[in-house]
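# Results of the structural survey
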Amino acid sequence: AEAIGLYNLGQSCCLNSLLQVFLMNIRFTRILRRITVPLSPAQKRSSVPYQMLLLLEKMQCGKCKAVGPTDLACCLSEHRVKLFVQHDAAQLFLTLWNLLKKQMKNPELVKELSDLYTICIQEHLACQKCSLEIKTNSTMLTLPLPVLDANSHRLKTLEDCLQYFFHPEELTGQNMCFCQQCGRKTTFLQSMRLVHLPQTLTLHLKRFCFERSSHTHKLSHSLPFPQELDLREVLRANQCLADDSEKATWQYELFAVVAHSGSSSFGHYCAYIRSLTECKWYCFNDSEVCQVSWDDVKCTYGHSNLYWRETAYLLFYMKKQPQ
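Rules used throughout
- Residues numbered from 1 in each chain as written.
- Predicted model: local features only at pLDDT ≥ 70, side-chain atom pairs only at ≥ 80, totals over all residues.
- Heavy atoms only, no water.
- Buried < 20%, exposed > 50% of the residue type's maximum accessible area, 1.4 Å probe, protein only.
- Helix = DSSP H or I, 4+ residues; strand = E, 2+ residues; numbered from the N terminus.
- Pairing = 2+ DSSP bridges.
- Core = buried A, V, L, I, M, F, W, Y, C linked by side-chain atoms within 4.5 Å.
- Contact = heavy atoms within 4.5 Å.
- Axes fitted to C-alpha atoms, helices over the stretch in contact; angles between N-to-C directions.
- 1 Å grid on protein atoms, 1.4 Å probe; cavity = no way out; pocket = protein on both sides within 12 Å on 5 of 7 lines; lining within 4 Å.
- Points joined across faces, edges and corners; volume = space filled by probe spheres on them.

As annotated in an unreviewed UniProt entry, the chain carries the name UBP18 hydrolase and comes from Nicator chloris.

Next up, the structure:
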């Protein structure tokens, strides 16, 4: 499959970037190709998985350098996804994913889709006055990684952000929790532990920062991320709740970067994606697609003085195949 662009329908760069990340993922398209085709024209029009499949087929017929995602966009607007507005890529990714999952009727495919993307973590709360411990397992589509620590200091690398996310936090003062055993609000220690990682791991760099004045600004300082990521080396033993066979699969290679340029209120998205068939990097900028180098991808690390420059916002890592 050639790398084909998607025409911008009017502020659809965010949607276009995410669609490219989905459709360039061979494991995702394998699931997509096995969906049950809806029967009636109305069902076809409003089925997100089916419209995505049609778009994929249109992109693969290879007659043009770009295609228009119009039918899919109309389908999404039926499901309250606004057209012609600025979207946040992390929110839109979650919306698209939820629609896909909800509309794939086959339980086996839904399970495969979940296995492909969902992260499982355990939240652990321990009362600091007594022995009470509360453990809750939950699944997430992305790991929302802070790029600043609690004292607003910049975290220096992606590995630092990951470690910080899984770092235990004391819930004191206004954040105290009610302890059933003590019968009052006490200080708790909250920690996240990693239980299971999916085939495609999505990391969300929280570069948009909400001020009290309701003004959002973008944190665009430099934050390097590696081409190869081994989470066994990044996280400490007490930050994981997984056996050795699970941990053995925690070796990843960067697959895609959704980057944002401009300010928080006015910006543009594009996607850098490594073709899984050719192992070459491409930049997908709406209808324009060109081959790029790893050095070009590294330009999305960010730069503190140039906030309008392109900055990585979502990172997609793919499990390495066991050799």
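In this section: the pairing of strand β10 (residues 200-206). Burial of β10 is extensive: 6 of the 7 residues sit out of reach of the surface. By the bridge criterion, 4 bridges tie strand β5 (residues 143-146) to β10 in an arrangement that is parallel. Looking at the pairing, P146 lines up with K206 of β10. When β10 meets strand β18 (residues 311-319), the two strands line up antiparallel, connected through 5 bridges. Looking across to β18, one finds that T202 is bridged to F316.

Time to look at the nonpolar core. Of all hydrophobic cores here, the largest spans 57 residues; its most connected members are F28, M52, M104, Y117, V258 and L314. Aside from chain neighbours lying at most four places away, what touches F28 is F22, L23, M52, L100, L113, L116 and Y117. In this structure, F165, L235, V292 and Y317 belong to the second largest nonpolar core, which totals 43 residues.

With antiparallel pairing, 4 strands are arranged side by side in an open sheet as β4-β3-β9-β6. Strands with a single pairing partner mark the edges of an open sheet, and in this sheet they are β4 (133-140) and β6 (169-171). The mean inter-strand angle of the sheet, taken between neighbouring strand axes irrespective of direction, is 30°. As defined by bridge partners, strand β3 (residues 119-127) adjoins β4 across 8 bridges and the pair is classed as antiparallel. Bridged to I119 within β4 is M140.

Let's shift gears to the layout of surface pockets. A probe as big as a water molecule, rolled over the atoms, marks out the empty space that is left. The volume enclosed by the largest pocket comes to roughly 860 Å³. Lining the largest pocket are 33 residues; nearest its centre among them are P144, P146, V147, K206 and F208. Breaking the lining of the largest pocket down by element, the ones donating at least two residues are α6 (89-103), β5, α8 (158-165), β6, β9 (188-196), β10 and β11 (208-210).

Now for the pairing of β9. On a regular strand, each side chain points to the face opposite its neighbour's, so the side chains alternate between the two faces of the sheet. Here β3 runs beside β9; their pairing, made up of 8 bridges, is antiparallel. Within β9, the residue paired with E123 across the bridge is M192. Bridge count for β6 against β9 is 3 bridges, and the pairing is antiparallel. Pairing of L171 across the sheet is with F188, part of β9.

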